[in-house]
Amino acid sequence: MDIESMKKKIIEMVDDSREDGRKIAFYSNPTVQEILNSLYARWEKHERKGIPLDYATEEEVKILYSIAVKATNVPASKSYISFIRSKLFGKT
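Residues numbered from 1 in each chain as written. Predicted model: local features only at pLDDT ≥ 70, side-chain atom pairs only at ≥ 80, totals over all residues. Heavy atoms only, no water.

So what exactly am I meant to see when it comes to helix 4 (residues 58-72) here?
For helix 4, which comprises 15 residues, the first-to-last C-alpha distance of 21 Å matches the rise-based estimate of 21 Å (1.5 Å per residue) to within 8%. Looking at the buried side of helix 4, the elements it contacts are helix 1 (3-15), helix 2 (20-27) and helix 3 (30-45). (Helix = DSSP H or I, 4+ residues; strand = E, 2+ residues; numbered from the N terminus. Expected span 1.5 Å × (residues − 1). Contact = heavy atoms within 4.5 Å.)

Before we go on, may I ask you to explain the nonpolar core in this structure?
Generally speaking, nonpolar side chains in soluble globular proteins are found buried as a group. Of all hydrophobic cores here, the largest spans 17 residues; its most connected members are I10, F26, V32, L39, L64 and A68. Those elements giving two or more residues to this core turn out to be helix 1, helix 2, helix 3 and helix 4. In terms of residue count, the dominant contributor to this core is helix 4 (five residues). (Core = buried A, V, L, I, M, F, W, Y, C linked by side-chain atoms within 4.5 Å. Buried < 20%, exposed > 50% of the residue type's maximum accessible area, 1.4 Å probe, protein only.)

Got a minute to help me understand the pattern of salt bridges in this structure?
Between side chains of opposite charge, a pair can form when the charged atoms approach closely. In this structure the tally under the stated criterion is six salt bridges. For the salt bridge of K7 with E4, the shortest nitrogen-to-oxygen distance reads 3.3 Å. Taken together, the residues K7 and E4, both in helix 1 and three residues apart, mark about one turn of the helix. Judged by relative accessible area, K7 falls into the buried class, the value being 9%. One salt bridge in this structure joins R42 and E60, with 2.7 Å as the shortest N-O distance. With R42 in helix 3 and E60 in helix 4, the pair connects residues that are 18 residues apart, well separated along the chain. (Salt bridge = Lys/Arg side-chain N within 4 Å of Asp/Glu carboxyl O.)

If you want it as structure tokens, here you go:
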């Protein structure tokens, strides 16, 4: 799958999903948070043109895609529990 297709699939699997557990599993992932911080900084430098994902490197897209695929397979209840644990105890 090419990079542009991966970007579209990430958006479909996570942002367009009606399943909150998927979003929690994806966005609470420390690797995702680190990458997104970098993407938002690049996006800001480019005067917010496009979307932050437009500024991802090929490697970053592949990592985000892999995590998004895994997030689609995590039951919502497990996502909520992991998220709450990470906030309360600083780990998953």
